[in-house]
Amino acid sequence: MPEPTLSDEAQRRFPVPDYEAIPDDLRERIDEETERAGFTPNVFAALAYKPSHFRAFMAFHDALVDDTSLDREEVEMIVVAVSGVNHCYYCNVAHGALVRIYAKHPTLADQLVANYRQADVSEKRMAMLDVAVKLTERPTEVSEDDLQLLSDVGYSDEEIWDIGSVTAFFNLSNRMALFADWRPNDEFHTMGRERRE
């Protein structure tokens, strides 16, 4: 197993604690993620600054990705489209890697970040992204018509809820990443770049 490492470069505006100084449950989660990824994603190092927030953030994150009616690639597509319009460097890079991996599409994340409207996605998924971006940029304009659009293209009520929840959570995440200047690990830049069959 790779050694868990909390990089001082994980965030530039707040200190990153020493691994040995953080609570046992945080170390356990960081160990699991380090083993799974092969490195310690910097978001864990950044959030370790405030353990109670680490726990709450990760609990909501886990609920969104583990108990969702959406495909995992749809979740990650929402994250990257939203992060693209929010100019969130950390999430564009880290979740861009996850889009490439889950969608098995080496250029989709780049399309979503640059201009999600030009991404190679289905009409159904474009409607999902349109509503997610509208909720991000113009939340007071979201109406019943937007939910009806999602229903019309084939999303269930639970999937529509999940689209809103993922969008809302990653708007929070983007803003914290920008505020604290979270920095993505170098490894994320190259993950999933080769086309998979």
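Coordinates for the structure precede this section.
Not measured: the values here are computed from a predicted model.

Asker: I would appreciate a short explanation of the overall build of the chain in the present structure.
Answerer: Looking only at helices and strands, the chain has 10 helices and 0 strands in total. Computed over the C-alpha atoms, the radius of gyration of the chain is 17 Å, within 12% of the 16 Å expected from 2.2 N^0.38 for a compact globule of 197 residues. Seen through its principal axes, the chain has C-alpha atoms that stretch 50 × 35 × 30 Å. Taking all 197 residues of the chain together, the buried fraction comes to 50%.

Asker: Would you mind going over unusual backbone geometry with me for this structure?
Answerer: Note: most residues except glycine have negative phi, and most peptide bonds are trans. Positive phi is not limited to glycine here, since His87 has a value of about 55°. A relative accessible area of 63% means that His87 is categorised as exposed. Not every positive phi belongs to a glycine, and Asp181 is a case in point at roughly 60°. By the secondary structure assignment, Asp181 is in the loop between α9 (157–180) and α10 (186–190).

Asker: How should the packing of aromatic side chains be read in this particular structure?
Answerer: The description of an aromatic ring pair rests on the distance of the ring centres and on the angle between the ring planes. One pass over the structure, following the stated rule, counts 10 aromatic pairs. Their ring planes at 50° and their centres at 4.8 Å tell us that Phe57 and Phe169 sit as a pair that is tilted. In this pair, Phe57 is assigned in helix α3 (residues 51–66) and Phe169 in helix α9, connecting sequence segments 112 residues apart. On the basis of an interplanar angle of 75° and a centroid distance of 6.4 Å, the ring pair of Tyr90 and Phe188 is categorised as edge-to-face.

Each value, and the rule that gives it
Residues numbered from 1 in each chain as written. Predicted model: local features only at pLDDT ≥ 70, side-chain atom pairs only at ≥ 80, totals over all residues. Heavy atoms only, no water. Helix = DSSP H or I, 4+ residues; strand = E, 2+ residues; numbered from the N terminus. Rg over C-alpha atoms; globule rule 2.2 N^0.38 Å. Buried < 20%, exposed > 50% of the residue type's maximum accessible area, 1.4 Å probe, protein only. Phe/Tyr/Trp six-rings, centres within 6.5 Å; stacked < 30°, edge-to-face > 60°.

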